[in-house]
Amino acid sequence: MKVTVDLDKCQDHGQCAIAAPEVFRINDEGRLEFDDAPAEELRDAVEEAADVCPVQAILIED
Amino acid sequence: MAAHVVVAGAGMAGLRAAERLRAEGWDGAVTVVGAEPHPPYNRPPLSKEVLAGRADAGATALRRRGSVEDVCWELGRRVVAASLADRALTLDDGRRLAYDGLVVATGLRPRRLAVPGPAAGRHVLRTLDDALALRAELAPGRRVVVVGAGFVGCEVAATARGHGCRVTVVEPLPVPMERAIGPELGEALRRRHEERGVRFLTGRAVTAFAPGAVVLDDGRTVPADVVVEAIGSVPNVEWLDGNGLDLSDGVLCDDRMRVEGRPEVVAVGDVARFPNPRYDDVPRRVEHWCVPADTARRAAATLAAHLAGRPLDDAPFAPLPSFWSDQYDLRLQSFGMPALGDRRVPLEGDAHALTGGVAMAYHRDDRPVGVVLIGVPASRHRHYRELVTAS
Ligand SMILES: Cc1cc2nc3c(=O)[nH]c(=O)nc-3n(C[C@H](O)[C@H](O)[C@H](O)COP(=O)(O)OP(=O)(O)OC[C@H]3O[C@@H](n4cnc5c(N)ncnc54)[C@H](O)[C@@H]3O)c2cc1C
Ligand code: SF4
């Protein structure tokens, strides 16, 4: 699974990091860091993260 | 006919309900009927990026899961009546739509000011079309009067200042956003708005519209090229009239999102009034962005189990409400239900100056029921969120 985040849209809400902490993390500077090729078992969590992103910045490509 | 679920309302709650039904194993037909011509889209940007002109309409479309590709979308169609006893809806083109399961997801519409005067130049903000119509009116020097200093009103005021408009906010209560966040943070945000050039007329109500002006209850006339009515919302429930339901404030549901006495009817999103055992057993409507997803998860589990003849699992339903608002460069983030608190406890920062991050807890019976953060980086949100989930 390939994950991209539109960083022009992302406003560091951090909702994704609550939904899928294995994949998304807000670093100490308050900026988003993420794993762009997470394991397939994490698909549900990543879908959930994409749903809860308030600015819909997360894209999942298969 | 094969079993069929109808979702009334194609907003975020309607979309999430369809997706969760699929996730719960419902593989029968699903029809979503939506009054707006647009596929489900995201409303928060309407008062922020879209109104500011930083995002175009297309950017608000909600991502749809692949599982709902076979759903039938009836867009630009309104449900006008329902007979729950016959399990059938009537659409505005006269068609009858039978269902085995029904999801109520018709959301809210703006409340209008019931005062006399011409309708020209008066706006509300709920839909994409509303946002585009209002945006077209915002230009440097135009006089904008926002009626209502809730979140939508204050966001509109901030965005209109960004366009160079001359902005006045009229609010009957003494402090903006007071009901939601209390007087200290409400006052602090008011000062931030005033520093940016917004004028507040609080403790004042609009009694009439005149050509190019609004008239206040102290007799004053405030010139206005554009008026925005942001005085709250009304649930879209009239189509459910005549079925003996409690529609006094949205649709009353139990903790499984079921409409009373109807195991095949559930409600989701802003229109649903449901209890949250995290706080008490009082059913409430919650107008937050997180609610469509949380209630859709619960409602779809309930409905899919009912339609499949499966027993319901007995997990409790106690979602954590969360809300954010953007005004100028400030991000406000709320967790829990601050409005239920009777005492405010500052946790961090200088609430008066609003420089750096500010955090405030809201206690009821000495227990934190909510926390509001202003300008606190997202890396620290989890810490504060845990404060209100732990108790
Ligand atoms: C301008 C604005 C800014 C916001 N900003 C924030 C924010 O910053 N943070 C936050 O947490 N929340 C925010 N919200 C709240 C959030 O957007 C809502 O909680 C959410 O949109 C609710 O979704 P819903 O699907 O329940 O209802 P709605 O979005 O109202 O969707 C209901 C849909 O049903 C349709 N419908 C109504 N009646 C019928 C009928 N009879 N037949 C068929 N269809 C019908 C409607 O046309 C509508 O499309 C904001 C809301 C607005 C309006
Ligand atoms: S939820 Fe969305 S906006 Fe927030 S950090 Fe994640 S990708 Fe960015």
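Our subject is the structure listed above.
What this report covers is the structure whose coordinates are included nearby. (Residues numbered from 1 in each chain as written. Chains lettered and ligands numbered in written order. Predicted model: local features only at pLDDT ≥ 70, side-chain atom pairs only at ≥ 80, totals over all residues. Heavy atoms only, no water.)

Here's the deal with the site of ligand 1
All names here are of chain B. Our working definition: Near is defined per residue: the residue qualifies when any heavy atom it owns lies within 4 Å of the molecule or strand. Definition of a polar contact: a pair of N or O atoms within 3.5 Å, with one able to donate and the other able to accept a hydrogen when the atoms are protein atoms, and with sequence-neighbouring residues admitted only if both atoms are side-chain atoms. We get accessible surface area from the Shrake-Rupley algorithm with a probe of 1.4 Å; when it comes to residues, only the shown protein chains can shield them. Numbering of helices and strands runs from the N terminus, with a helix taken as a DSSP run of H or I at least four residues long and a strand as a DSSP run of E at least two residues long. Classification convention: Asp, Glu, Lys, Arg as charged; Ala, Val, Leu, Ile, Met, Phe, Trp, Tyr, Cys, Pro as nonpolar; all other residues, Gly among them, as polar.
Around ligand 1, the surrounding shell holds 33 residues, and the nearest of these are E36, R43, K48, R126 and D270. A13 places a polar main-chain atom, nitrogen or oxygen, 2.9 Å from an oxygen atom of ligand 1. For ligand 1, an oxygen atom lies 2.6 Å from a polar atom in the side chain of E36. Protein chains shield 95% of the accessible area of ligand 1, which is 1000 Å² for the free molecule. When contributions to the shell around ligand 1 are tallied by element, the ones reaching two or more residues are α1 (12-23), β2 (29-34) and β23 (322-327). Of the residues belonging to the shell around ligand 1, the class tally is 15 nonpolar, 9 polar and 9 charged.

Here's the deal with the pairing of strand β1 (residues 2-5) of chain A
All names here are of chain A. Going by this rule: The rule is simple: take the accessible area with a 1.4 Å probe, protein chains only, and divide by the maximum for that residue type; under 20% is buried, over 50% is exposed, in between is partly exposed. The rule for pairing is simple: two strands pair if DSSP sees at least two bridges between them.
Residue alternation in β1 divides its side chains into a buried set, V3 and V5, and an unburied set, K2 and T4. In this structure, β1 lies alongside strand β4 (residues 58-61), joined through 4 bridges in antiparallel fashion. Looking at β4, one finds that V5 is bridged to I58.

Regarding the interface of chain A and chain B
The test is simple: Two residues qualify as a contact provided that any one of their heavy atoms is within 4.5 Å of a heavy atom in the partner residue. In this description, buried area is defined as the sum, over both parts, of the accessible area (probe of 1.4 Å) that is lost when the two are combined. Here, a salt bridge means any side-chain nitrogen of Lys or Arg that lies within 4 Å of a carboxyl oxygen of Asp or Glu.
Contact residues are listed per partner, giving 24 residues for chain A and 19 residues for chain B. For the pairing of chain A and chain B, the buried interface totals around 1700 Å² over both sides, and the portion due to carbon and sulfur atoms is 43%. On inspection of chain A and its partner chain B, the count reaches 7 salt bridges. With a shortest N-O distance of 3.6 Å, R65(B) and E47(A) are connected by a salt bridge.

Quick word on the packing of helix α4 (residues 151-162) of chain B against helix α5 (residues 178-195) of chain B
Residue and element names in this part refer to chain B. Convention followed: Structural elements are reduced to axes, namely lines fitted to C-alpha atoms, with helices fitted over the stretch in contact, and the angle between N-to-C directions of any two is expressed from 0 to 180 degrees. Every angle not falling under 35 degrees, over 145, or within 65 to 115 is termed oblique; those three ranges are roughly parallel, roughly antiparallel and roughly perpendicular.
Here α4 crosses α5 at 10°, and the two axes come no closer than 12 Å. In this view, α4 runs roughly parallel relative to α5, as classed from their interaxial angle. Contacts between α4 and α5 involve F151, C154, A157 and A158 from the first element and A180, I181 and H193 from the second. Counted by class, the contact of α4 with α5 contains 6 nonpolar, 1 polar and no charged residues.

Remarks on the sheet that holds strand β16 (residues 226-229) of chain B
All names here are of chain B. Strands sit in the order β9-β16-β10-β11-β12 across an open sheet of 5 strands; the sheet is parallel. Single-partner strands in this sheet number two, and they are β9 (122-123) and β12 (199-202). Both strand β11 (residues 166-171) and β12 contribute to a ladder of 4 bridges, which runs parallel. Bridge pairing links T168 to R199 in β12. Relative to the sheet, α4 contacts β10 (143-147), β11 and β16, its axis offset from that of β11 by approximately 165°.

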